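Structural features, examined
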Amino acid sequence: MKKHSRSILLFLSSFLMLVACKEAPKKTIKTEKIAFTKEGTLTIYKAQTDSVLTTLDIEIAETDYETETGLMYRKSMAQDRGMLFIFPDVRQHYFHMKNTEFGLDIIFIDENLKIASFQENAKPFDETSLPSQVPVKYALEINAGLSKKWLLEVGDRVKYAKE
C-alpha cells in the first residue's frame, strides 16, 4: 500500500508542477495612436528676399516630458506639419531618434528666430547624438528631405504663433 501511495503522490506532484509551470497566455498591450494636435503655426522666410518659403501647422514641445518624447511612437507626419521645441535656455542642444519611426530634418533656431544649423535626414530609431553645433533656443522637426526641398539655409528666419 505504501508503494501505491507513493506512486500516486509522485504522480500528483508531477501533475501539479506541470500545471503550475504552464505559461500564461501572452497579453497584448495596445497603445493609443498619438494624434497631431495643432498648437500654432510657423512660417519660414528666405533671408535674402524675405519671401515666404512655407507655413506649417505645429505642435509645441515646452515641458520636459514633451521635449523628451517629441515625435516618438508616431508612424508618420503630414508634410505641412512640424514640431517646434522651445527650450528654457540658449545653449547647444542634442537630439536622437530613439523610438522615432520616420526620418526627420531637425532645424536648429537661435534666440533671434534665425536658422542656425541643421541635422538632415536623421534616421529612424538611431540613437546617435545629433547636436545643434551652436547655442540655440528652438528646434523644429520636419519630415526628412524638406529642408533640401525648400532650399533652407542658415540665416533664413522663422516666425511662429501659438493658438
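Overview of the structure. On a predicted model such as this, the values are computed, not experimentally measured, just so you know.

1. Remarks on the layout of surface pockets
Within this model, the largest pocket holds a volume of roughly 420 Å³. As for the largest pocket, its lining consists of 23 residues, of which Thr 67, Glu 68, Phe 87, Tyr 94 and Phe 95 are closest to the centre. Looking at the lining of the largest pocket, the elements with two or more residues in it are α2 (64-69), β3 (81-91) and β4 (94-95). Tallied by class, residues from the lining of the largest pocket come to nine nonpolar, seven polar and seven charged.

2. Examining the nonpolar core
Ranked by size, the top nonpolar core spans 18 residues in total, and within it Leu 42, Ile 44, Ile 107 and Leu 140 carry the most contacts. Where this core is concerned, the elements lending two or more residues are β1 (40-45), β2 (52-61), β3, β5 (104-109), β6 (115-122) and β8 (136-143). Apart from the residues lying within four places of it in its own chain, the contact partners of Leu 42 are Thr 54, Thr 55, Leu 56, Ile 58, Leu 84, Leu 140, Val 158, Lys 159 and Tyr 160.

3. A look at the environment of Lys 123
Relative to the helices and strands, Lys 123 is located in the loop between β6 and β7 (130-131). Residue class for Lys 123 comes out exposed when judged on its relative accessible area of 55%. Each C-alpha atom of the pair Lys 123 and Gly 103 lies 5.0 Å from the other, and the pair is 20 residues apart in sequence.

4. Side note on the sheet that holds β8
Taken in spatial order, the seven strands make up an open sheet running β6-β5-β8-β3-β2-β1-β9, and their pairing is mixed. Each edge of the open sheet is held by one strand with a lone partner, namely β6 and β9 (157-162). Across this sheet, the average inter-strand angle for adjacent strands is 30 degrees, counted without regard to direction. Bridge count for β5 against β6 is five bridges, and the pairing is antiparallel. The partner of Phe 108 across the bridge, within β6, is Ser 117.

5. As for the pattern of salt bridges
Throughout the structure, instances matching the rule amount to nine salt bridges. Its salt-bridge partner being Arg 157, residue Asp 50 comes within 2.9 Å of it at the nearest N-O pair. On the criterion of sequence distance, the pair formed by Asp 50 in the loop between β1 and β2 and Arg 157 in strand β9 is long-range, its members being 107 residues apart. A residue is classified by how much of its surface remains accessible, and Asp 50, at 43% relative accessible area, is partly exposed. A salt bridge links Lys 75 to Glu 101, with the nearest nitrogen and oxygen atoms 3.1 Å apart. Linking Lys 75 in the loop between α2 and β3 with Glu 101 in the loop between β4 and β5, this pair joins segments that are 26 residues apart in sequence. By relative accessible area, which is 63% here, Lys 75 ends up exposed.

6. Notes on the environment of His 96
With respect to the helices, strands and loops of the structure, His 96 is situated in the loop between β4 and β5. Residues in contact with His 96, not counting those within four places in the same chain, are Met 72, Asp 126, Glu 127, Thr 128 and Leu 130. One polar contact links the side chain of His 96 to the main-chain amide nitrogen of Lys 98, over a distance of 3.1 Å.

7. Re the side chain of Asp 105
Tracing the sequence through the fold places Asp 105 in strand β5. The side chain of Asp 105 is buried and forms no salt bridge, while Lys 148, the nearest opposite charge, is found at 9.5 Å. Reaching out from Asp 105, the side chain makes a polar contact with the backbone nitrogen of Asn 121 at a distance of 2.8 Å. In terms of polar contacts, Asp 105 uses its side chain to reach the backbone amide nitrogen of Gly 145, at 3.1 Å. Apart from the residues within four sequence positions on either side, Asp 105 is in contact with Gln 119, Glu 120, Asn 121, Leu 140, Glu 141, Ile 142, Asn 143, Ala 144, Gly 145, Leu 146, Ser 147 and Lys 148.

8. Quick notes on the packing of aromatic side chains
The tally for this structure, following the rule as stated, stands at five aromatic pairs. Centroid distance Phe 87 to Phe 95: 6.2 Å. Interplanar angle 80 degrees. Geometry classified as edge-to-face. The same class applies to Phe 87 as to Phe 95, namely buried. Ring geometry for Tyr 138 against Tyr 160: centres 5.7 Å apart, planes inclined by 65 degrees, an arrangement best described as edge-to-face. Here Tyr 138, found in strand β8, pairs with Tyr 160, found in strand β9; they are 22 residues apart in sequence, far enough to count as distant. On the accessibility criterion, Tyr 138 (10% relative accessible area) is buried. Aromatic rings pair up to connect Phe 85, Phe 87, Phe 95 and Phe 108 into one cluster.

Criteria and thresholds
Residues numbered from 1 in each chain as written. Predicted model: local features only at pLDDT ≥ 70, side-chain atom pairs only at ≥ 80, totals over all residues. Heavy atoms only, no water. 1 Å grid on protein atoms, 1.4 Å probe; cavity = no way out; pocket = protein on both sides within 12 Å on 5 of 7 lines; lining within 4 Å. Points joined across faces, edges and corners; volume = space filled by probe spheres on them. Helix = DSSP H or I, 4+ residues; strand = E, 2+ residues; numbered from the N terminus. Nonpolar A, V, L, I, M, F, W, Y, C, P; charged D, E, K, R; others polar. Core = buried A, V, L, I, M, F, W, Y, C linked by side-chain atoms within 4.5 Å. Buried < 20%, exposed > 50% of the residue type's maximum accessible area, 1.4 Å probe, protein only. Contact = heavy atoms within 4.5 Å. Pairing = 2+ DSSP bridges. Axes fitted to C-alpha atoms, helices over the stretch in contact; angles between N-to-C directions. Salt bridge = Lys/Arg side-chain N within 4 Å of Asp/Glu carboxyl O. Polar contact = N/O pair within 3.5 Å; in protein donor to acceptor, adjacent residues only side chain to side chain. Lys, Arg positive; Asp, Glu negative; His and termini not counted. Phe/Tyr/Trp six-rings, centres within 6.5 Å; stacked < 30°, edge-to-face > 60°.

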